[in-house]
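# Geometric and topological summary
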Amino acid sequence: MIFLAPAHTFPTLDMQTVAKFPWFVPGLVGTLLLSAPAHADVLQSWRFDARQNQLEISTDEGVQPTAQLIANPSRVVIDLPGIRLGRPKTSQVIGGTVQAVRTGQFNAQTARFVVELAPGYTVDPQQVQVRGSSLTRWTVKLPTPQPTSAIANPPSNVPQAIATVAPPPETFGGLIPAGRPLTWLQQRVSSLRISKYSSLRSGISFLDMETGNYLDLNGDKVYATASIIKLPILIAFFQDVDAGKIKLNETLTMTRDMVVGGSGEMQDLPVGSKFTALETATKMITISDNTATNMIIKRMGGIQVLNQRFRSWGLEKTVIRNWLPDLRGTNTTTAKELTRLLAMLDQQKLLSSRSQAQAIGILQRVKNRKLLPVGLGRGATIAHKTGDIGFLLGDAGIVVMPNGKHYLAAILVESAYDDPAARDFIQDVSRIVYTYLDQAPRTASVNQPNP
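Below is a summary of the structure that appears in this document. (Residues numbered from 1 in each chain as written. Predicted model: local features only at pLDDT ≥ 70, side-chain atom pairs only at ≥ 80, totals over all residues. Heavy atoms only, no water.)

Attention now goes to the overall build of the protein. Counting its secondary structure elements, the protein contains 9 helices and 24 strands. The buried share of the protein, taken over its 451 residues, is 55%. Once local pairs closer than 6 in sequence are excluded, the contacts in the protein between residues at least 24 apart make up 67%. When the accessible area of the protein is evaluated, it comes to approximately 19200 Å², of which 51% is carbon and sulfur surface. (Helix = DSSP H or I, 4+ residues; strand = E, 2+ residues; numbered from the N terminus. Buried < 20%, exposed > 50% of the residue type's maximum accessible area, 1.4 Å probe, protein only. Contact = heavy atoms within 4.5 Å. Areas by Shrake-Rupley, 256 points an atom, 1.4 Å probe, with all protein chains shown as cover.)

Pasting the structure below:
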C-alpha cells in the first residue's frame, strides 16, 4: 500500500503556533551547512510505501536532511532544513507497526516528518537508511519494527542520531569528473543573497569542467526560461544540420503567422522576407529575435518535436509550452539542466566538431553583455544566451579563462518587474565565481577561500 501526499501552499508557522502541536518533540534539529535562505523552499511531494516501510520525499531545492530516533513513544524524526512544508500539520494513518506519518513546520526554516511506531515497538537507528538519489529526492527506509521488550538495549530517552547517505556526485553521465561542492563559494553567494538581495529568488549552477567541483543553489528549481530557451533550440537546430535534415543555406520565408513582437528586428521587415536558415538561427541568438525563433521552431517540426529532443538529452524540466515571446513565463528550465546542456555541448556529445564550433561561435556573438560577461576578467571569453521577460532575468554560458581553464554558468533570477537588483545580482555572482576560480589552483581546497 502506498500513501501519497501532495505539497500545498499555506503560510509558514511561527514558534508560538508550532508550540500548540505537542507531537513536535524537541530534539536534534538539523544544522544548515549554508546560511538560511531568505525564503524557505518548498516540499514538492512525499509518500509512504507501507510495503517497503519507506518514506519518499521530493523538494524543489537541494536539501541535507537530518534524522533521529526518539523513544517513549518511539518515532523517527526527519528534519528538512531550509524547506517550507506549506501546511501547518498533516497526519496520514498507516496501520500496523508503523502507525502514522505526521508532517509539520518545526520552525520557519525547517519542515519536519515524524514516523510514529506502534506502542511497544521500536527500530534500531543504525538500520534506518536515509539516502539521497539526488539532492532533491530522499528516501527513509525503516527495518521491520520489533517489540521493545525483545531489544537487548532498548532506546533511551536521549534522541539517537540516524546517519544519512548523500547522493553520489553528479557527473552528467560521465561528462565531467566526480567533483565536490565548493563549500566556501556556496556560503559566500548564499550570504550575498541574504544580506543584499533578499527580495530575489534565484537558481544558480556553476561547474568547473576540470575538477567537477560545483556551486549549486536552487539548481534543480524550475524557473521560466525567457529567451534562454533559444539555447537548446540552437543545439537541436545544428543536430538537424548534422543529420542532413536542414541545410544552412536553404531559404526560410517569414510568414505572417510567425511574426511577433518583443526582441528582434525581423518583425519590422515585410512579410515574405527571405533568409537563409543560418541567418535565421544566428538572429535568434545574437539579437534574441523572437520571429526568427518561431521560424526555426516551425522549420524543425514544431514545439513537441523539440520537447521530445530535449527529453532525449536527459532534460526533464526544460520544456517549451508556447511560441515566442512567452511573456507569461510558461516555458521552463532549471539552472542545473542548463549546465548539463552546456556540458554536453562543450564535450561534443550532441554535435559534430564543425557544428559545435558554429554553435559556440554564434553564442559568443550575443549582443547583450550586461549580465555574466560583466563579472569576467580581461581576456576571458563567454559563449552564452541571456533571457529577460521583466520578472525573470537569466544568463547561461561557457566561460573560458585566459589560462585555458573553463567553467559553466547558469543563473535564473525572479524579481519585481524590471528590478535592477536582478541584473546586479547576476553581475556580482559572476564576479565572485570568476575571481575564486581564477585564483584557485586545480588542487585547491573546496572549503577555503584563496589567499
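Having seen it, we continue.
A few words now on the packing of aromatic side chains. Throughout the structure, instances matching the rule amount to 6 aromatic pairs. Plain terms: the ring middles of F237 and F238 are 5.2 Å apart, the flat faces sit at 80 degrees to each other, and that makes the pair edge-to-face. (Phe/Tyr/Trp six-rings, centres within 6.5 Å; stacked < 30°, edge-to-face > 60°.)

Relative to the elements of secondary structure, R102 occurs in strand β8 (residues 98–107). Of the residues examined, R102 reaches a relative accessible area of 19% and is grouped as buried. Here the side chain of R102 touches S91 through a polar contact of 3.2 Å, side chain to side chain. Polar contacts involving the side chain of R102 include one to the side chain of E116, which spans 3.2 Å. (Polar contact = N/O pair within 3.5 Å; in protein donor to acceptor, adjacent residues only side chain to side chain.)

The subject of this paragraph is the nonpolar core. Core analysis: the largest hydrophobic core is formed by 62 residues, its most contacted members being I233, L234, F237 and W313. Residue contributions to this core peak at 8 residues, all from helix α3 (residues 230–242). Other than its neighbours up to four places away in sequence, I233 contacts M284, T293, I296, I297, M300, L306, F310 and I320. Among the nonpolar cores identified, the runner-up in size contains 32 residues, and L185, M401, A421 and V433 belong to it. (Core = buried A, V, L, I, M, F, W, Y, C linked by side-chain atoms within 4.5 Å.)

It is worth spelling out the sheet that holds strand β24 (residues 406–414) at this point. One open sheet holds the 5 strands; their spatial order is β17-β16-β24-β23-β22, and the pairing between them is antiparallel. Because the sheet does not close on itself, it has two edges, and the strands there are β17 (214–217) and β22 (381–388). Ignoring strand direction, the axes of neighbouring strands in this sheet form an average angle of 10 degrees. Two elements, strand β16 (residues 201–208) and β17, share 4 bridges in a ladder whose sense is antiparallel. Looking across to β17, one finds that I204 is bridged to L217. (Pairing = 2+ DSSP bridges. Axes fitted to C-alpha atoms, helices over the stretch in contact; angles between N-to-C directions.)

Moving on, we get to the pairing of strand β7 (residues 89–93). The two faces of the sheet receive side chains in turn, since in a regular strand these alternate between them. Inspection of the sheet shows β7 paired to β8 by 5 bridges, in the antiparallel sense. Across the sheet, residue S91 finds its bridge partner in β8, namely R102. The hairpin turn running from β7 into β8, its antiparallel successor, is 4 residues long, and G95 in that turn takes a positive phi close to 95 degrees.

What follows deals with the sheet that holds strand β5 (residues 75–81). Taking strand neighbours across the sheet as the criterion, the 6 strands line up as β7-β8-β9-β5-β4-β14 in an open arrangement whose pairing is antiparallel. Unpaired on one side and paired on the other, β7 and β14 (160–162) mark the two borders of the sheet. Neighbouring strand axes in the sheet, compared pairwise and without regard to direction, differ in orientation by 20 degrees on average. Both β5 and strand β9 (residues 110–117) contribute to a ladder of 7 bridges, which runs antiparallel. Paired with P81 across the strands is T110, a residue of β9.

Running from N to C, helix α4 (residues 277–286) and helix α5 (residues 290–299) point in directions that differ by 130 degrees, and their axes come no closer than 8 Å. By the angle between their directions, the pair α4 and α5 is classed as oblique. In this structure, α4 meets α5 at a crossing whose hand is left-handed. Where α4 abuts α5, its residues A277, T280, A281, K283 and M284 lie against A292, T293, M295 and I296. In terms of residue class, the contact of α4 with α5 is made up of 6 nonpolar, 2 polar and 1 charged. (Parallel < 35°, antiparallel > 145°, perpendicular 65-115°, else oblique. Left-handed = near helix turned anticlockwise from the far one by under 90°. Nonpolar A, V, L, I, M, F, W, Y, C, P; charged D, E, K, R; others polar.)

Right, let's get into the pattern of salt bridges. Scanning all chains against the criterion turns up 11 salt bridges. K196 is the salt-bridge partner of D428, the closest N and O atoms lying 3.3 Å from each other. Residue D428 is located in helix α9 (residues 420–439), and its partner K196 is located in helix α2 (residues 183–196); the two are separated by 232 residues in the primary sequence. Since its relative accessible area comes to 15%, D428 is described here as buried. You can call K196 exposed: its relative accessible area is 53%. Its salt-bridge partner being E250, residue R299 comes within 2.6 Å of it at the nearest N-O pair. Here E250 lies in the loop between α3 and β19 (251–253) and R299 lies in helix α5, a separation of 49 residues in the sequence. The exposure class assigned to R299 is partly exposed, which follows from its relative accessible area of 31%. Bridged by salt links that share partners, the residues K196, D428 and R431 form one connected network. (Salt bridge = Lys/Arg side-chain N within 4 Å of Asp/Glu carboxyl O.)

Of all 10 residues in β8, 9 are buried; the element is thus mostly enclosed. Alignment of β8 against β9, held across 8 bridges, turns out to be antiparallel. In the strand pairing of β9, V101 is matched with V115. The antiparallel hairpin formed by β8 and β9 contains 2 residues in its connecting segment.

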